[in-house]
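# Residue-level structure breakdown
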Amino acid sequence: MDELRAVRAEGVAGHALMYQLWRAGGVLNKALLGVFTGWVQRTFQSTQAATASQNTCAADDKATSPVPKDCLVCSYNEWDPLEEVIVGRAENACVPPFSVEVKANTYEKYWGFYQKFGGQSFPKDHLKKAIAEIEEMCNILKGEGVIVKRPDPIDWSVKYKTPDFESTGMYAAMPRDILLVVGNEIIEAPMAWRARFFEYRAYRRLIKDYFNSGAKWTTAPKPTMADELYDQNYPIHSVEDRHKLAAQGKFVTTEFEPCFDAADFIRAGRDIFVQRSQVTNFMGIEWMRRHLAPDYRVHIISFKDPNPMHIDATFNIIGPGLVLSNPDRPCHQIELFKKAGWTVIQPPVPLIPDDHPLWMSSKWLSMNVLMLDEKRVMVDANETSIQKMFEKLGISTIKVNIRHANSLGGGFHCWTCDIRRRGTLQSYFD
C-alpha cells in the first residue's frame with residue numbers, strides 16, 4: 001500500500017510536470033504578469049468592499065442545500081445498480097466532414113466514404129435499422145427496471161460557422177462521449193471534433209431538469225477549435241505510422257487549449273482513469289484533475305494503441321477491482337492494478353464479420369458493455385464468446401442486438417450515460 005501511495009503521489013506530480021512541460025515553450029512576460037496580478041488584487045478588494053456594503057439582504061435569503069435529497073443524479077462508478085440512464089439517438093445522424101481530426105481518428109479504408117458523404121446523412125436504410133435496435137435496447141432497459149431518458153432530435157445537417165471554422169453537425173448518439181457524471185455533478189465535455197461543437201444542445205433540456213432537481217452542472221471550457229488546436233500536417237498514411245506516432249506521444253490535437261471527450265475517462269469511485277488520446281489533450285486532463293481535486297484522483301494511463309480515442313473499448317472497469325483489458329492494446333501500467341489486487345481479464349476476440357461497416361470504431365466494441373449491476377451486464381447478442389466469459393464470472397448476460405448501431409461508433413457503454421446508480425463514494429485503489 002505504501003508503494004501505491006508513493007506511485008500515486010508521483011502520478012500527481014507527473015501530471016503537473018506534463019502540464020508544465022508543454023507550457024515551457026513560452027515565457028510569461030513579467031510586466032504582463034504584474035499587470036494581471038494587480039488586476040486580481042484590485043478585483044478582490046472591490047469584491048470585499050461590495051460584499052461589506054450589502055446590508056439590505058432579506059433575513060430569509062438563505063442558500064439551499066447543495067445536494068437536495070431528491071437529486072436525481074448520483075453515480076460514482078461503472079457497476080453499482082443502475083437506476084436511470086440517458087440513451088442516445090441515431091435520428092438524423094450525419095457523416096462528419098473529412099477534416100484533419102476526423103482523418104486522424106478513422107481508418108484509411110473509410111476515408112473515401114467521408115470524402116464523399118461528409119455533411120450528409122449516414123445511409124438511410126442503415127440508420128433505420130440502428131434506430132430500431134436502440135429503441136429495443138431502451139425497452140429492455142426499462143424491463144430491467146431502469147428509467148430511460150433520451151436527448152432531443154436535432155437536424156445535424158445544418159451548416160454552422162464560428163469565427164474560427166465552419167462545419168455541419170454529427171449526432172447525439174453517444175452521450176458517454178459528451179457527459180461525465182461524477183457523484184451528483186454532470187460535466188459537459190468540450191469535445192475535440194468540429195462536427196461535435198454544438199452536440200451539447202441535444203442534451204440541454206435533460207441537464208436543466210437534472211439541475212433543477214439539485215444536481216451540479218459544469219461545462220468545461222469550450223475550445224475555439226481554431227486551426228492551432230490541430231496538427232494540420234499530422235502524418236498518417238498507414239497503421240505503422242499510427243503506432244510510431246502514438247509511441248512518440250504525438251497526436252492530432254495539440255496543447256493550444258483544453259479539449260477532451262468524456263469517454264476518455266472511466267470511473268472507479270475516488271479514482272478516475274484517463275488516457276491522452278487523439279481527442280483528449282494534457283491540458284484537458286489537467287483541467288479535470290484540478291476541477292475534481294481533492295475528492296477524486298485522476299490517473300493518466302496509456303496503451304499500445306495506434307489510434308487512441310475513448311478508453312472504454314480498451315480498458316473497461318466492470319466491478320470493484322475487476323477490469324476488462326483489451327489484449328490488442330495492452331496497458332503500460334497494468335502491473336499497478338495487479339499490485340493493488342485487481343483482477344485483469346482479457347476478453348475474447350470479437351466475432352463481428354469483416355464486411356460489416358464500422359465507420360467510426362473497431363471490432364472491440366464487443367467489450368464496450370454496460371453493467372446494470374455487479375451481476376448483470378448488457379452484451380451484444382451476436383458475441384457468444386464474451387457472453388460465455390461473463391457467465392464463467394457469474395455475471396448474467398442481457399443480450400441485445402445493436403450491430404447496425406455499432407456502425408455509428410459505439411457499443412452499449414458509448415450509447416449510454418448512467419445518471420443514477422445506487423451506491424456510495426468509495427476507494428477501490430488504496
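We now turn to the structure provided with this report.

Criteria and thresholds
- Residues numbered from 1 in each chain as written.
- Predicted model: local features only at pLDDT ≥ 70, side-chain atom pairs only at ≥ 80, totals over all residues.
- Heavy atoms only, no water.
- Helix = DSSP H or I, 4+ residues; strand = E, 2+ residues; numbered from the N terminus.
- Pairing = 2+ DSSP bridges.
- Axes fitted to C-alpha atoms, helices over the stretch in contact; angles between N-to-C directions.
- Contact = heavy atoms within 4.5 Å.
- Salt bridge = Lys/Arg side-chain N within 4 Å of Asp/Glu carboxyl O.
- Buried < 20%, exposed > 50% of the residue type's maximum accessible area, 1.4 Å probe, protein only.
- Phe/Tyr/Trp six-rings, centres within 6.5 Å; stacked < 30°, edge-to-face > 60°.
- Lys NZ or Arg CZ within 6 Å of the ring centre and 35° of its normal.
- Lys, Arg positive; Asp, Glu negative; His and termini not counted.
- Arc of directions from axis to C-beta.

### Focus: unusual backbone geometry
Backbone torsion omega between Ala293 and Pro294 reads 5 degrees, so that peptide bond is classified as cis. Note on placement: Pro294 falls in the loop between helix 9 (282-292) and strand 10 (297-300). You will see that Met225, though not glycine, has its phi angle at about 55 degrees, which is positive. Summarising the element assignment, Met225 is placed in the loop between strand 7 (216-219) and helix 8 (239-247). Its identity as a non-glycine residue notwithstanding, His310 has a phi of 75 degrees, on the positive side. Mapping His310 onto the fold places it in the loop between strand 10 and strand 11 (315-319).

### Quick word on the sheet that holds strand 6 (residues 185-188)
Taken in spatial order, the three strands of this open sheet run 5-6-7, and their pairing is mixed. Strands with a single pairing partner mark the edges of an open sheet, and in this sheet they are strand 5 (179-182) and strand 7. Neighbour to neighbour, the strand axes of the sheet diverge by 20 degrees on average, direction disregarded. Alignment of strand 5 against strand 6, held across four bridges, turns out to be antiparallel. Of the residues in strand 6, the one forming a bridge with Val181 is Ile186. Where helix 7 (residues 204-212) meets the sheet, its contacts fall on strand 5, strand 6 and strand 7, and the angle it forms with strand 7 comes to roughly 140 degrees. Most of the contacts of helix 9 go to strand 6, to which it runs at about 160 degrees, and overall it touches strand 5, strand 6 and strand 7.

### Focus: the sheet that holds strand 14 (residues 370-373)
In space, the three strands of this open sheet follow the order 14-15-16, with mixed pairing throughout. Because the sheet does not close on itself, it has two edges, and the strands there are strand 14 and strand 16 (396-400). For this sheet, the mean inter-axis angle between neighbouring strands, taken without regard to orientation, is 30 degrees. Looking at chain direction, strand 15 (residues 376-380) and strand 16 are connected through five bridges and run parallel. Note on strand 16: the bridge partner recorded for Met378 is Ile398. Contacts from helix 5 (residues 124-143) reach strand 14, strand 15 and strand 16, with the element oriented near 150 degrees to strand 16.

### Structural notes on the pattern of salt bridges
As enumerated under the stated definition, the model contains 25 salt bridges in all. The shortest N-O distance in the salt bridge between Glu83 and Arg422 comes to 3.0 Å. Taken together, the residues Glu83 in strand 1 (residues 82-87) and Arg422 in the segment after strand 17 (416-421) connect sequence positions 339 residues apart. A salt bridge links Arg403 to Glu383; its shortest N-O distance comes to 3.6 Å. Of this pair, Arg403 sits in helix 12 (residues 403-406) while Glu383 sits in the loop between strand 15 and helix 11 (384-392); the two residues are 20 residues apart in sequence, bridging distant segments of the chain. This pair shows no difference in class: Arg403 is buried, exactly as Glu383 is.

### So, the packing of aromatic side chains
Here the structure, examined in full by the defined rule, presents 24 aromatic pairs. Centroid distance Trp79 to Tyr428: 5.0 Å. Interplanar angle 75 degrees. Geometry classified as edge-to-face. Residue Trp79 is located in the loop between helix 2 (30-53) and strand 1, and its partner Tyr428 is located in the segment after strand 17; the two are separated by 349 residues in the primary sequence. Of the two residues examined, Trp79 and Tyr428, each falls in the buried class. Ring centres 5.4 Å apart and planes at 75 degrees place the aromatic pair Phe165 and Phe197 in the edge-to-face group. Remark: Phe197 occurs in the loop between strand 6 and helix 7 and Phe165 occurs in the loop between strand 3 (160-161) and strand 4 (166-167); sequence separation between them is 32 residues. Taken together, the ring pairs connect Phe98, Trp111, Phe113, Tyr114, Phe117, Phe122 and Trp359 into an aromatic cluster. Seen from the ring of Phe197, Lys222 lies directly overhead, with NZ or CZ sitting 4.7 Å from the centre. The aromatic ring of Phe282 is capped on one face by Arg276, whose charged end is 5.8 Å from the ring centroid.

### Brief notes about the side chain of Asp312
Assignment of secondary structure puts Asp312 in the loop between strand 10 and strand 11. Among buried charged residues, Asp312 stands out as having no salt bridge; its nearest opposite-charge side chain is Arg176, 5.0 Å away.

### Digging into helix 7
Turning to helix 7, its buried residues are Leu206, Ile207 and Tyr210. Summarising the axial view, the buried residues of helix 7 lie within an arc of 95 degrees, below the 170-degree limit, and thus occupy one face. Where the residues of helix 7 are buried, they touch strand 1, strand 2 (147-149), strand 5, strand 6, strand 7 and strand 17. Downstream of helix 7 by one or two residues, Gly214 has phi in the positive range, about 120 degrees.

### Quick look at helix 11
Among the residues of helix 11, Ile386, Gln387, Met389 and Phe390 are the ones counted as buried. Each buried residue of helix 11 sits inside an arc of 160 degrees when the element is viewed along its axis, so together they form one side. Among the exposed residues of helix 11, those pointing more than 90 degrees away from its buried face are Lys388 and Lys392. Gly394, located one to two residues past helix 11, shows a positive phi value of around 80 degrees.

### Quick look at the pairing of strand 17
Among the six residues in strand 17, six count as buried, and that is most of the element. In terms of strand pairing, strand 1 meets strand 17 through five bridges, oriented antiparallel. Its bridge partner being in strand 17, Glu84 is matched across the sheet by Arg420.

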